[in-house]
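# Chain and residue survey
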Amino acid sequence: MTLLYTDPLFLRHETGRHPERPERLRAVTARLAKSGAASQCVQGGYQPLTENEVLALHAPAMVRLARRTAEQGGGYLDPDSPVSPESYTVALAAAGACASAVDAVMWGKDRNALCLVRPPGHHATPTHSMGFCLFNNIALAAQRARQMHGLKRILIVDWDVHHGNGTQDIFYADPEVQFFSVHRYGRGFYPGSGAADETGTGAGLGRTLNLPLRFGISRKEYLAAFAAGLEKAADAIKPELILLSAGFDAHAADPIGSLGLEVEDFAEMTRLVLDAARTHAGGRLVSCLEGGYDLEALALSVEAHLRELLV
Ligand SMILES: [Zn+2]
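The shown structure was predicted, so the numbers you read here are calculated from the model rather than taken from an experiment.

The rules behind the values
- Residues numbered from 1 in each chain as written.
- Predicted model: local features only at pLDDT ≥ 70, side-chain atom pairs only at ≥ 80, totals over all residues.
- Helix = DSSP H or I, 4+ residues; strand = E, 2+ residues; numbered from the N terminus.
- Buried ≥ 20, exposed ≤ 12 C-beta atoms within 10 Å, placed from the backbone.
- Contact = placed C-beta atoms within 7 Å.
- Core = buried A, V, L, I, M, F, W, Y, C linked by C-beta atoms within 7 Å.
- Pairing = 2+ DSSP bridges.
- Right-handed = clockwise from strand over helix to strand, strands pointing away.
- Axes fitted to C-alpha atoms, helices over the stretch in contact; angles between N-to-C directions.

## Details of the overall build of the protein chain
- Each helix and strand in the protein chain was counted, giving nine helices and 10 strands.
- Overall size of the protein chain, expressed as C-alpha extent along the three principal axes, is 50 × 50 × 45 Å.
- Each of the 311 residues in the protein chain was classed as buried or not, and the buried ones make up 55%.
- For the protein chain, restricting intrachain contacts to residue pairs at least 6 apart in sequence, the fraction spanning at least 24 positions comes to 74%.

This is how it looks when you write it as structure tokens:
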């Protein structure tokens, strides 16, 4: 069975007129309910992270700024990243759901999980909330896998259309986490990092694999490049667990990203990641929602992703 983590609390990060808005999750949960996909999952329970757990990866000043800005009624952590009064609470909950999903797939009988959380996380660096992200959910999930479960070989796959710069920064010198990011790159596309020659440093040298792709690439080329990169990354670390930063903003209809992908491409990529999880990690895979800003494309793509996880 697949574990599904959702909570109406995740709607209470209120961002106003902003692409990363509560309606995203409403559209996804409505679609999964209507199609029956949600009812085939086990609903996962979770604990929010504590501030101390977040401080394992993020600077005290960054965490304090997020908390105080929310407490003071809201504001901006960077020009792209608004917070509302409950955003700090929601961010701890979102990261907690991802970490609890790791606990569940490590301890329980269910092998994979989908965490439908917001705010997203992969742009949050060790020292800054940015790019719609408060805290780095996927990195905090990886931290849980190490701290609680003693894992030494973790693969983070990031297929959000944007480079996961925060995740890269957090683990850049870390030999225990292999980071593989496929993303649109060039001509000033956000956030600007993620070149192929960014490969890690020190003990983490070779543990970062970036696959920067140009706008206009064909779906076939994209999928072939993704498959080859994934195999290389998985073979490099032979992961005990795979974590997936699942953004759906590479979809052709996405107003922010778009690399021309269609819903069925996310199904195909899910199959590839699942294959890697079965080969190396006993099928253990935790998928966490990142971006995706066209409501219909997002809802349909998440459904296609979930249907593959259910197989
Ligand atoms: Zn994105």
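## Let's talk about the nonpolar core
- Judged by nonpolar contacts, the single largest core of 101 residues is most densely connected at Cys-98, Ala-101, Cys-115, Ala-141, Ile-242 and Val-286.
- It is helix H4 (residues 87-107) that provides the largest number of residues to this core, a total of 14 residues.
- Ignoring anything within four residues of it in the chain, the contact list for Ile-242 reads Leu-155, Val-157, Val-273, Ala-276, Ala-277, Ala-281, Arg-284 and Leu-285.

## Quick word on the pairing of strand E1 (residues 2-5)
- Residues Thr-2 and Leu-4 point to one face of E1 and Leu-3 and Tyr-5 to the other, with burial holding for every one of them.
- When E1 meets strand E5 (residues 112-115), the two strands line up parallel, connected through four bridges. Residue Thr-2 lies in a different strand from E5, and its bridge partner there is Asn-112.
- Relative to strand E2 (residues 42-43), E1 runs parallel, the two being bridged by two bridges. Across the sheet, the residue bridging to Leu-3 is Val-42, located in E2.
- Regarding topology, helix H1 (residues 23-35) serves as the crossover connection from E1 to the parallel E2, and that connection is right-handed.

## Considerations on unusual backbone geometry
- Backbone torsion omega between Arg-118 and Pro-119 reads 0°, so that peptide bond is classified as cis.
- Tracing the backbone shows Pro-119 in the loop between E5 and helix H5 (137-147).
- Between Tyr-190 and the following residue, Pro-191, the backbone shows a cis peptide bond with an omega angle of -5°.
- Take Pro-191: it is sitting in the loop between strand E7 (177-184) and strand E8 (208-213).

## Things to note about the sheet that holds E7
- One open sheet accounts for eight strands, arranged E2-E1-E5-E10-E9-E6-E7-E8; its pairing is parallel. Each edge of the open sheet carries a strand with a single partner, namely E2 and E8.
- Judged from the five bridges that link them, strand E9 (residues 241-246) and strand E10 (residues 285-289) form a sheet pairing that is parallel. The partner of Leu-243 across the bridge, within E10, is Val-286.
- Packing of H4 onto the sheet brings it into contact with E1, E5 and E10, and relative to E5 it is tilted by some 170°.
- Its contacts with the sheet place helix H7 (residues 219-237) against strand E6 (154-158), E7 and E8, and it is angled at close to 170° to E7.

## Regarding the environment of Gly-166
- Relative to the assigned elements, Gly-166 resides in helix H6 (residues 165-171).
- Given 30 C-beta atoms within 10 Å, Gly-166 falls into the buried group.
- Considered as a pair, Gly-166 and Arg-284 are 118 residues apart in the sequence and their alpha carbons are 23 Å apart.

## Structural notes on the pairing of E10
- Among the five residues that make up E10, five are buried, leaving the element largely enclosed by the rest of the structure.
- The alternating pattern of E10 places Leu-285, Ser-287 and Leu-289 on one face and Val-286 and Cys-288 on the opposite face, and all of these are buried.
- Bridge count for E5 against E10 is four bridges, and the pairing is parallel. When the bridges of E10 are listed, Leu-114 appears paired with Ser-287.

Purely spatial values, then, with no claim about function.
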